[in-house]
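This is what each chain is made of:
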Protein chains: 6
Amino acid sequence: MSQKVAIGKLAILLASLSEDELNSFQSSFDEVNYCQGKVGSMNMQKVISAVETAAKRNGLIQEHLYRETHALYHAILEGIEGVTRGKPVIGEMSRTVGLRFSVVRGCPYHDSKEGEWLAVAFYGTIGAPVKGAEHETVGLGINHI
Amino acid sequence: MSQKVAIGKLAILLASLSEDELNSFQSSFDEVNYCQGKVGSMNMQKVISAVETAAKRNGLIQEHLYRETHALYHAILEGIEGVTRGKPVIGEMSRTVGLRFSVVRGCPYHDSKEGEWLAVAFYGTIGAPVKGAEHETVGLGINHI
Amino acid sequence: MSQKVAIGKLAILLASLSEDELNSFQSSFDEVNYCQGKVGSMNMQKVISAVETAAKRNGLIQEHLYRETHALYHAILEGIEGVTRGKPVIGEMSRTVGLRFSVVRGCPYHDSKEGEWLAVAFYGTIGAPVKGAEHETVGLGINHI
Amino acid sequence: MSQKVAIGKLAILLASLSEDELNSFQSSFDEVNYCQGKVGSMNMQKVISAVETAAKRNGLIQEHLYRETHALYHAILEGIEGVTRGKPVIGEMSRTVGLRFSVVRGCPYHDSKEGEWLAVAFYGTIGAPVKGAEHETVGLGINHI
Amino acid sequence: MSQKVAIGKLAILLASLSEDELNSFQSSFDEVNYCQGKVGSMNMQKVISAVETAAKRNGLIQEHLYRETHALYHAILEGIEGVTRGKPVIGEMSRTVGLRFSVVRGCPYHDSKEGEWLAVAFYGTIGAPVKGAEHETVGLGINHI
Amino acid sequence: MSQKVAIGKLAILLASLSEDELNSFQSSFDEVNYCQGKVGSMNMQKVISAVETAAKRNGLIQEHLYRETHALYHAILEGIEGVTRGKPVIGEMSRTVGLRFSVVRGCPYHDSKEGEWLAVAFYGTIGAPVKGAEHETVGLGINHI
């Protein structure tokens, strides 16, 4: 891939690797800003809010700019499409998620005019609301900001 | 996560990391079978076929058993949901994909009665059929086999 | 169910039962008009056309009235949602269908002001384009006409 | 169709026929296990639970095996796609369902290596939460187990 | 367009123009019946109910005829597809709508046998449940009645 | 609505009104850039291309900047969701569209930091590939750029 910084791959690694495993990738994170978080819920609104709150608290987006909220929201929703595989519904479909997530902001392209982009990644489990009755799930959303 | 082997995470790493980067995870792959491949197309049927062919050639599924083809097919489709974020259409929506993929087969759960499961992961780019006009994308599908 | 005539159930029986099996239901068909047909394809447009053509040839709808074509079209599409389970795509998703179908026109409700309705049913197989690598599928669409 | 046992067709008959009507098909049920049930709700989670509970109580799936829960869950969801025709939402879309359902477990294929499969069928009504303002609906999901 | 009356365009104008702006189109409304309304909610059921109630109160559909309720319901849902752009979910996806809507009933086609049709239009905003964090949205549904 | 310029409404008017009808809105277009076009096809890729080409030729987006192509692409797709009402497929679903479209670029919000946004609107007909067997359709997509 001819991109300068693979913000999507970095987001996926932040969401899925342990701290130890992340060590060998540490230098890759120098060129981006990012945050990490966790959320478990049967309520999709809570999943969305958890990512939005983490991104704002960590300065990944400017809280009072709708433009940036809009960019983040669509990146979150695209990540949720991967997590829920086409049906962005959790509790109503009798399932629950336990997710780690990350938000990465950086300049993926060589041409500086391409500016900043956001990547939102999820990694965790989805399944019945019964301990152990679950399997892994992943999602990634990317948007210009 | 209380799973014994995170076949989904392994599949994502196989699809997104370079050979060098994969080295430090090598021991994790002892307990599973897997294959890797590449496909670039505006035609989703070709993407599906590329994964099915690789999985059969590498013995990940038994070619003449519909049961296993069925399990793989649904895992592929769930992975494609992440890649296409809810609209499993590529060329008709004027976009193209360049993907690395992996298929992992193993026993993710401690209880041996839970048997074997499949993970199918995609990592690469999706975008306009113009060089460079693309961003990263990821997908993961999991199924019992 | 308080309906006078279950046109949906009749459509499903017409699509899924053998001629012999249908014999014991024969009297139920006195109050409705219906036709039956078959179609096998990887192309959804051909599936839609097969039903439209059969319905017109058998006088189930008035060919030159868009109003009736429109009612039939949406009943067909709703039936296809069941057949394809949420993704109205066949060939592009590397699958093929072999279907029997029926169109039933009648007055399902006791109140005569509720007028005529259409039911379109499909029964058959969906699967990989390989003999035997397929399972059953069903779909039903209902619309006022 | 070259299948040995049409578990999908049997499931549809169990969900849609009266006890009297089922009599003439009785011998077909010798080779499969099945259960029947009823559920009426504006809440999809209740529909899913009703089928899962019936299937477990009647021994159609092994309650403590996630593998079997997973197979059943996806068969239920595919059946719900037919019932809701592409939008797996009931109450939020201001509609309610009154459904009879069945779960059938058996070996549909001649080759014994193809093993056991599940069919989940729904038949009933969908409509506004007003008595009589409803029409018929059908859904069928099939999965390997 | 060869239609006699563009009920969809009229519905869109009724939903999006101010009273003053509508003045210059006044003569176009002579041949149709219509009503207008407003609704703001995170709950899609409330949006659907608001349109149904307005249509019944203003005599656009006959309240006790399921046939007409059914035609209106599907026109509303098609309009909501435009408003929500493919995911008919509001609050669960952490968004809210503020909408003006209209229902138009008339005979769009020259051939009188084509009879009456309904158009339902929405215009307003969709966005985060935070004042100002929203953008415009539009939807139109058309059905025969 | 508290927006400074309703770019979505302007886009809808440009796509649906005749030149004469647009005259009374002329002053509203002083603050935005826009273009108009037409496309008729059974192929969605052609619809997308027609809008992209018109937007580039008229300088609505910078041709060689992926960032702007990406913003436009998603606005087009959201507009197509309204046109196709949830199934972004035309020919494969045996239907054709005849559309007028517009692209509007401007600053909708009072706060200048919210910057520029794009609106893409469609108005026209969708229906069977038979003259007259069609009804009106509308779509609007909005994105930050």
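Residues numbered from 1 in each chain as written. Chains lettered and ligands numbered in written order. Predicted model: local features only at pLDDT ≥ 70, side-chain atom pairs only at ≥ 80, totals over all residues. Heavy atoms only, no water.

Looking at an unreviewed UniProt entry, chain A carries the name Hut operon positive regulatory protein, with the source organism given as Mesobacillus maritimus. Quoted verbatim from the Function (unreviewed entry) heading of the UniProt record, the comment on chain A is "Antiterminator that binds to cis-acting regulatory sequences on the mRNA in the presence of histidine, thereby suppressing transcription termination and activating the hut operon for histidine utilization." The record in UniProt for chain A states the following under Sequence similarities (unreviewed entry): "Belongs to the HutP family." (UniProt positions renumbered as here; feature names shortened; annotations may be inferred.)

Engineer: Which residues make up the overall build of chain A, and what values go with them?
Structural biologist: For chain A, the count of helices and strands is four helices and four strands. Its helices and strands taken in sequence order, chain A reads α-α-β-α-α-β-β-β from the N to the C terminus. In terms of C-alpha radius of gyration, chain A reaches 15 Å, essentially the compact-globule figure of 15 Å for 145 residues. Overall, chain A is about 45 × 35 × 25 Å in size when its C-alpha atoms are taken along their principal axes. Going through the 145 residues of chain A one by one, you find that 66% of them count as buried. Within chain A, counting contacts between residues at least 6 apart in sequence, those at least 24 apart form 65% of the total. When the 14 basic and 16 acidic side-chain charges of chain A are each reduced to a single mean position, those positions are 4 Å apart. (Helix = DSSP H or I, 4+ residues; strand = E, 2+ residues; numbered from the N terminus. Rg over C-alpha atoms; globule rule 2.2 N^0.38 Å. Buried < 20%, exposed > 50% of the residue type's maximum accessible area, 1.4 Å probe, protein only. Contact = heavy atoms within 4.5 Å. Lys, Arg positive; Asp, Glu negative; His and termini not counted. Charge placed at Lys NZ, Arg CZ, Asp CG, Glu CD.)

Engineer: Any chance you could break down the arrangement of the chains for me, citing the residues and the numbers?
Structural biologist: The two units chain B and chain E remain apart, with a minimum C-alpha distance of 9 Å. Contact between chain D and chain F is absent, and the least distance between their C-alpha atoms amounts to 9 Å.

Engineer: Account for the sheet that holds strand 3 (residues 117–127) of chain F, naming residues and giving values.
Structural biologist: What holds strands together in a sheet is hydrogen bonding between their backbones, with the strands either parallel or antiparallel. Residues and elements named next belong to chain F. Within the open sheet, the four strands sit side by side as 1-2-3-4. Their pairing is antiparallel. Two strands lie at the open edges of the sheet, namely strand 1 (33–41) and strand 4 (134–144), each paired on one side alone. Ignoring strand direction, the axes of neighbouring strands in this sheet form an average angle of 15 degrees. Inspection of the sheet shows strand 3 paired to strand 4 by 11 bridges, in the antiparallel sense. The partner of Tyr123 across the bridge, within strand 4, is Val138. (Pairing = 2+ DSSP bridges. Axes fitted to C-alpha atoms, helices over the stretch in contact; angles between N-to-C directions.)

Engineer: Let's hear about the packing of helix 3 (residues 44–57) of chain F against helix 4 (residues 66–84) of chain F: which residues, and what values?
Structural biologist: Residue and element names in this part refer to chain F. One way to put it is that helix 3 packs onto helix 4 with a least axis distance of 11 Å and a crossing angle of 135 degrees. If you check the angle between helix 3 and helix 4, you find them oblique. With respect to the hand of their crossing, helix 3 and helix 4 are arranged in right-handed fashion. In this structure, helix 3 uses Met44, Val47, Ile48, Val51, Glu52, Ala55 and Lys56 to contact helix 4, whose residues at the interface are Thr69, Leu72, Tyr73, Ile76, Leu77 and Ile80. Residue classes in the contact of helix 3 with helix 4 are distributed as 10 nonpolar, one polar and two charged. (Parallel < 35°, antiparallel > 145°, perpendicular 65-115°, else oblique. Left-handed = near helix turned anticlockwise from the far one by under 90°. Nonpolar A, V, L, I, M, F, W, Y, C, P; charged D, E, K, R; others polar.)

Engineer: Give a detailed account of the environment of F:Lys113, specifying residues and quantitative values.
Structural biologist: By secondary structure assignment, the location of F:Lys113 is in the loop between strand 2 (96–106) and strand 3. Residues F:Lys113 and F:Met44, spaced 69 residues apart in sequence, show a C-alpha to C-alpha distance of 35 Å. In contact with F:Lys113, other than residues within four places in its own chain, are A:Leu65 and A:Arg67.

Engineer: A description of the relation of the copies chain C and chain D should follow, citing residues and the corresponding values.
Structural biologist: You can overlay chain C on chain D at an RMSD of 0.0 Å; the transform is a turn of 180 degrees with a shift of 0.0 Å along its axis. Such values leave the two copies arranged in the relation of a two-fold axis. Every residue of chain C has its C-alpha some distance from the rotation axis, and the shortest such distance is that of C:Gly82, at 1.8 Å. (Least-squares fit on C-alpha atoms with pLDDT ≥ 70 in both.)

Engineer: Provide a residue-level description of the sheet that holds strand 3 (residues 117–127) of chain C, including the pertinent values.
Structural biologist: What the four strands build is an open sheet, ordered 1-2-3-4 (chain C); its pairing is antiparallel. With partners counted over all chains shown, the strands left at the sheet margins are strand 1 (33–41) and strand 4 (134–144) of chain C, one partner each. Taken pair by pair, the neighbouring strands of this sheet meet at an average axis angle of 15 degrees, ignoring direction. Pairing geometry for strand 1 of chain C and strand 2 (residues 96–106) of chain C, over nine bridges, is antiparallel. Following the sheet pairing, C:Gln36 is matched in strand 2 of chain C by C:Ser102. Where helix 1 (residues 7–16) of chain C meets the sheet, it contacts strand 1, strand 2, strand 3 and strand 4 of chain C, and its direction lies at approximately 140 degrees from that of strand 2 of chain C. Contacts between helix 4 (residues 66–84) of chain E and the sheet are confined to strand 3 and strand 4 of chain C, with strand 4 of chain C contributing the most and set at about 115 degrees to the helix.

Engineer: How would you sum up the confidence of the model for chain A? Please name residues and give values.
Structural biologist: Scored by pLDDT, chain A comes out at a mean of 95, with 99% of its residues at no less than 70. Scored as a complex, the prediction yields pTM 0.97 and ipTM 0.96. (pLDDT = per-residue confidence, 0-100.)

Engineer: A description of the interface of chain C and chain D should follow, citing residues and the corresponding values.
Structural biologist: With 33 residues of chain C in contact, the opposing surface of chain D contributes 33 residues. Here chain C packs against chain D, burying approximately 2600 Å² in sum over the two surfaces, 59% of which is carbon and sulfur. Contact with chain D buries surface across chain C, with C:Lys9, C:Arg85 and C:Glu136 losing the most and accounting together for 23% of the total. For the pair chain C and chain D, the interface holds four salt bridges. (Buried area = accessible area lost by both parts, 1.4 Å probe. Salt bridge = Lys/Arg side-chain N within 4 Å of Asp/Glu carboxyl O.)

Engineer: Explain the interface of chain C and chain E residue by residue, including any values.
Structural biologist: If you look at the interface, chain C gives 19 residues, while chain E gives 19 residues. Each partner contributes to the roughly 1600 Å² buried at the junction of chain C and chain E, and carbon and sulfur atoms together form 52% of this total. For chain C, the biggest contributors to the area lost against chain E are C:Arg67, C:Glu114 and C:His144; these three give 44% of the whole. Applying the counting rule to chain C against chain E returns zero salt bridges. Those elements that place two or more of their residues in the side of chain C that touches chain E are helix 4 (66–84) and strand 4 of chain C. Here the side of chain C that touches chain E gets six residues from one element, more than from any other, and that element is helix 4 of chain C.

Engineer: Kindly report on the state of the cysteines, identifying the contributing residues and their values.
Structural biologist: All chains considered together, the criterion is met by zero disulfides over all chains. No disulfide involves B:Cys107; its sulfur sits 17 Å from that of B:Cys35, the nearest cysteine. (Disulfide = S-S within 2.5 Å.)

Engineer: An account of the pattern of salt bridges is needed here, citing residue identities and associated values.
Structural biologist: Following the criterion strictly, the structure yields 30 salt bridges over all chains and no others. The shortest N-O distance in the salt bridge between B:Glu21 and A:Lys9 comes to 2.8 Å. Here the residue B:Glu21 occupies a position in helix 2 (residues 19–23), and A:Lys9 occupies one in helix 1 (residues 7–16), the pair thus bridging two chains. One salt bridge connects E:Glu116 with E:Arg105, and the closest N-O pair in it is separated by 2.9 Å. A residue pair is termed long-range when its members are at least 10 positions apart, and E:Glu116 in the loop between strand 2 (96–106) and strand 3 (117–127) and E:Arg105 in strand 2 qualify at 11 residues. Members of the salt-bridge network, linked through shared partners, are A:Glu68, A:Arg105 and A:Glu116.

Engineer: So what about the pairing of strand 3 (residues 117–127) of chain D? Which residues, and what values?
Structural biologist: All names here are of chain D. Judged by how many residues are buried, strand 3 sits mostly within the fold: 11 of 11 residues are covered. As paired strands, strand 2 (residues 96–106) and strand 3 are joined by 11 bridges and run antiparallel to one another. Note that in strand 3 the partner of Leu99 across the bridge is Gly124. In sequence, strand 3 turns back onto strand 4 (residues 134–144) through a hairpin of six residues, with Gly132 there showing a positive phi of about 90 degrees.

Engineer: Give me the lowdown on the nonpolar core, citing residues and values where you can.
Structural biologist: E:Ile7, E:Leu140, F:Ile7 and F:Leu140 are the most contacted members of the largest nonpolar core, which totals 51 residues. Of all elements in the fold, only helix 1 (7–16), strand 3 and strand 4 (134–144) of chain E together with helix 1 (7–16), strand 3 and strand 4 of chain F reach the threshold of two or more residues within this core. Ignoring sequence-local partners within four residues, the contact set of F:Ile7 consists of E:Glu136, F:Val32, F:Val104, F:Gly106, F:Pro108, F:Trp117, F:Leu118, F:Ala119 and F:Ile142. (Core = buried A, V, L, I, M, F, W, Y, C linked by side-chain atoms within 4.5 Å.)

Engineer: Could you give an account of the packing of aromatic side chains, naming the residues involved and the relevant values?
Structural biologist: Within a pair of aromatic rings, the relevant descriptors are the distance that separates the centres and the angle that separates the planes. According to the stated counting rule, one finds 33 aromatic pairs over all chains in the structure shown. A centroid spacing of 5.4 Å and a plane angle of 15 degrees characterise the contact between A:Tyr66 and F:Trp117, whose relative ring orientation is stacked. With one member in each of two chains, A:Tyr66 in helix 4 (residues 66–84) and F:Trp117 in strand 3 form a pair that bridges those chains. Here A:Tyr66 matches F:Trp117 in class, with each residue buried. Among the aromatic side chains, those forming a connected cluster through ring pairs are A:Tyr66, F:Tyr109 and F:Trp117. (Phe/Tyr/Trp six-rings, centres within 6.5 Å; stacked < 30°, edge-to-face > 60°.)

Engineer: Explain unusual backbone geometry to me, and be specific about the residues and the numbers.
Structural biologist: Located in the positive-phi region is A:Ser94, a residue other than glycine, with phi close to 65 degrees. Take A:Ser94: it is sitting in the loop between helix 4 and strand 2 (96–106).

Engineer: Outline helix 1 of chain C, listing residues and values.
Structural biologist: Burial runs high along helix 1 of chain C: 10 of the 10 residues are buried. Listed in full, the buried residues belonging to helix 1 of chain C are C:Ile7, C:Gly8, C:Lys9, C:Leu10, C:Ala11, C:Ile12, C:Leu13, C:Leu14, C:Ala15 and C:Ser16.

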